[in-house]
Structure formats: C-alpha cells, structure tokens
Amino acid sequence: MSALWLAIDTATDVASVAVGSAEHIAAVRSIHGARQHAAQIVSLIQQVLAVAKLRLGQITGIIVGDGPGSFTGLRIGWAAAKGIAHDGELPLVAIPSLLGAAHAAHGETAGPVVACFDALRGQVFGAMYEFAAGRVETLLPPGVFTLAELARPVLALGDGAERYRDEVVSWIGRPPVDLETLPPIAESLLRLTSYEGARRELDDTDTAEPEYGRPAEAQVKWEARYGRPLPNSSR
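Here the structure is a predicted model, which means the values were calculated and not measured. (Residues numbered from 1 in each chain as written. Predicted model: local features only at pLDDT ≥ 70, side-chain atom pairs only at ≥ 80, totals over all residues. Heavy atoms only, no water.)

> Outline the nonpolar core, listing residues and values.
Judged by nonpolar contacts, the single largest core of 66 residues is most densely connected at Leu6, Val19, Ile45, Ile62 and Leu157. Ile62 has contacts with Trp5, Leu6, Ala81, Ile84, Ala85, Leu90, Pro91, Leu92 and Val93, leaving out every residue within four places of it along the chain. Cys116, Phe145, Ala161 and Tyr164 belong to the second-largest nonpolar core, a separate cluster that totals 13 residues. (Core = buried A, V, L, I, M, F, W, Y, C linked by side-chain atoms within 4.5 Å. Buried < 20%, exposed > 50% of the residue type's maximum accessible area, 1.4 Å probe, protein only. Contact = heavy atoms within 4.5 Å.)

Right under this line is the structure:
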C-alpha cells in the first residue's frame, strides 16, 4: 500500500484537511471563517477520515501547512498536526501554505506564480514559484513584502493580491485569482509530497514551529513596551 498522508492547512480564512497520496486524493473538506478553525478542526479531520473510510491508525504521515499566514490559525493547525503525529509516532512534514495555493492555481501556466496572503499594514505574506514536471523552483521564498517589492509574475493569487487588485492588473494584464475559486490548499499539500524541493522534514514534533512570517501583534506590543524580546517567543 502506498503511503497515506493526512494534510492540514489553517494559514488563511479557509481551513482545509485532505487525506490520500500525491496520486490519489481520497477525501478533502474545508471550512470558511477564521473564527471556526479552533472549534471545527478536529471535526473536519474526523469528517475527512469518515468520507475516505479510513481510521487514523491507517495514516502513515502528517503534512501541515507551513504558512506564513494567520498567527492564531497556524497555531491551531500545527497543534492538531503535532498532536496526531506525536500520538501515532508518525513523520511530520511541512509545506508552505503559499506554495500550496500557488500549486492549486498554476494549472498550465508557464512562468512565475506569486501567491499573496493579506498581512495587513500595507503588506502581504508572499512567495514566488515556478513549476515543472515533478518539481518546483522557489524563486522568492515566503516572507513579508509590500506588493511593489515582488517581481512581476505571470499569475498572482490570494487575498493579498485581491486587496491590491488594480496594481496586479497593471502588472500582468489580468486580475488575481481568488483563493475561494481554487481547490483547498490541503489538497495541494498532498499533491506536492512528490515534488522535489517542496517540503521540510520536522524531526522534533515537540519543538517544531511554523513560519509565521512575523511576530504576533501582542508580541510586538509587549516587546515595544519592555524593550526586549519576549521570552520563548515565536521568533
């Protein structure tokens, strides 16, 4: 039997879970609304397993969306992924959520694809990728940018690109792709398990952390007030 992966992504307002392999998606489900993530993520996992007629004990590995994105959302998804991996002594790997979104949108597009999640403060969480048969090249790794700092792609997507729709249209001559029109990111995470250069292995599930992109707002305020780094922070 080929490896069965459970993929979880909670980096955006749309949380998604999928189960299967790169070659076969057995089931995928998503929920909309960031406030639903904490309450619904366990139920979403149970739904996907039920649809696929699988038990958690049949899963051979966990994939988690690596962000960057919503600080709270990422913590919820990672807590679920780490808990399942730890309890089942399963391998845990991370794939950038931005890469998952770019993969969902790229289709037959030849050339650079930019994925952007809204980071507020006039910035986006962004990354640029180019896809070829069985591999992905990271042209610009995930980070926090203004739109002007991103190179000109052939395709842009995500709520960050939607926020600056006019600028995107002036770049590439077509509007950005809305995330909600695409397959859920968790499905792309499964597809990407076979891509060279897509994932990072997480050896210690207890200490592993996502790529938040930047500190949480509460951390920024604490550090500004006390003039020193927050102990045990996400930096």
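Now that the structure is up, let's keep going.
> Break down the sheet that holds strand 5 (residues 92–95) for me, with residues and values.
On the basis of which strands lie adjacent, the open sheet formed by six strands has the order 3-2-1-4-5-10 and mixed pairing. Since the sheet does not close on itself, it has two edges, and those belong to strand 3 (25–32) and strand 10 (200–202), each with one partner. Sheet twist, expressed as the mean angle between neighbouring strand axes with direction ignored, is 20°. As paired elements, strand 4 (residues 61–65) and strand 5 share four bridges and run parallel to each other. The partner of Ile63 across the bridge, within strand 5, is Val93. Against the sheet, helix 1 (residues 37–52) contacts strand 1 (5–9), strand 2 (14–20) and strand 3, and its axis sits at roughly 155° relative to strand 3. Running over the sheet, helix 2 (residues 71–88) touches strand 1, strand 4, strand 5 and strand 10 and is turned about 170° from strand 4. (Pairing = 2+ DSSP bridges. Helix = DSSP H or I, 4+ residues; strand = E, 2+ residues; numbered from the N terminus. Axes fitted to C-alpha atoms, helices over the stretch in contact; angles between N-to-C directions.)

> Explain the sheet that holds strand 6 (residues 113–118) residue by residue, including any values.
Within the open sheet, the four strands sit side by side as 8-7-6-9. Their pairing is mixed. Edge strands, defined here as strands with exactly one partner in the open sheet, are strand 8 (135–145) and strand 9 (155–157). Averaged over all neighbouring strand pairs, the angle between strand axes comes to 20°, with direction disregarded. As paired elements, strand 6 and strand 9 share three bridges and run parallel to each other. Looking across to strand 9, one finds that Val114 is bridged to Ala156. Here helix 3 (residues 97–106) sits on the sheet in contact with strand 6, strand 7 (124–132), strand 8 and strand 9, set at roughly 50° to strand 7.

> Quick rundown of the pattern of salt bridges? Include the residues and the values.
Summed over all chains, the structure comprises six salt bridges. With a closest N to O distance of 2.7 Å, Asp66 and Arg200 form a salt bridge. You can see Asp66 sitting in the loop between strand 4 and helix 2 and its partner Arg200 sitting in strand 10, a full 134 residues away along the chain. We classify Asp66 as buried; its relative accessible area is 4%. A residue is classified by how much of its surface remains accessible, and Arg200, at 29% relative accessible area, is partly exposed. (Salt bridge = Lys/Arg side-chain N within 4 Å of Asp/Glu carboxyl O.)

> Which residues make up the packing of aromatic side chains, and what values do they have?
The relative placement of two aromatic rings is captured by the distance of their centres and the angle of their planes. Evaluated as defined, the whole model comprises two aromatic pairs. Ring centres 6.4 Å apart and planes at 80° place the aromatic pair Phe131 and Tyr195 in the edge-to-face group. Residue Phe131 is located in strand 7, and its partner Tyr195 is located in the loop between helix 6 (185–191) and strand 10; the two are separated by 64 residues in the primary sequence. Considered together, Phe131 and Tyr195 belong to a single accessibility category, that of buried residues. (Phe/Tyr/Trp six-rings, centres within 6.5 Å; stacked < 30°, edge-to-face > 60°.)

> With reference to specific residues and values, describe helix 5 (residues 165–172).
For helix 5, the complete set of buried residues consists of Val168, Trp171 and Ile172. Burial along helix 5 is one-sided: seen end-on, the buried residues are contained in an arc of 65°. When the buried face of helix 5 is taken as reference, the exposed residues oriented beyond 90 degrees from it are Asp166 and Ser170. Buried residues along helix 5 sit against strand 9 and helix 4 (159–163). Phi for Gly173, located one or two positions after helix 5, is positive at around 80°. (Arc of directions from axis to C-beta.)

> So, unusual backbone geometry: which residues are in play, and what are the values?
That bond from Gly67 to Pro68 is cis: its omega, -5°, falls within 30 degrees of zero. Along the polypeptide, Pro68 turns up in the loop between strand 4 and helix 2. Phi at Lys53 takes a positive value of approximately 60°, unusual for a residue other than glycine. Tracing the chain through its elements places Lys53 in the loop between helix 1 and strand 4. A residue is classified by how much of its surface remains accessible, and Lys53, at 75% relative accessible area, is exposed. You will see that Glu89, though not glycine, has its phi angle at about 50°, which is positive.

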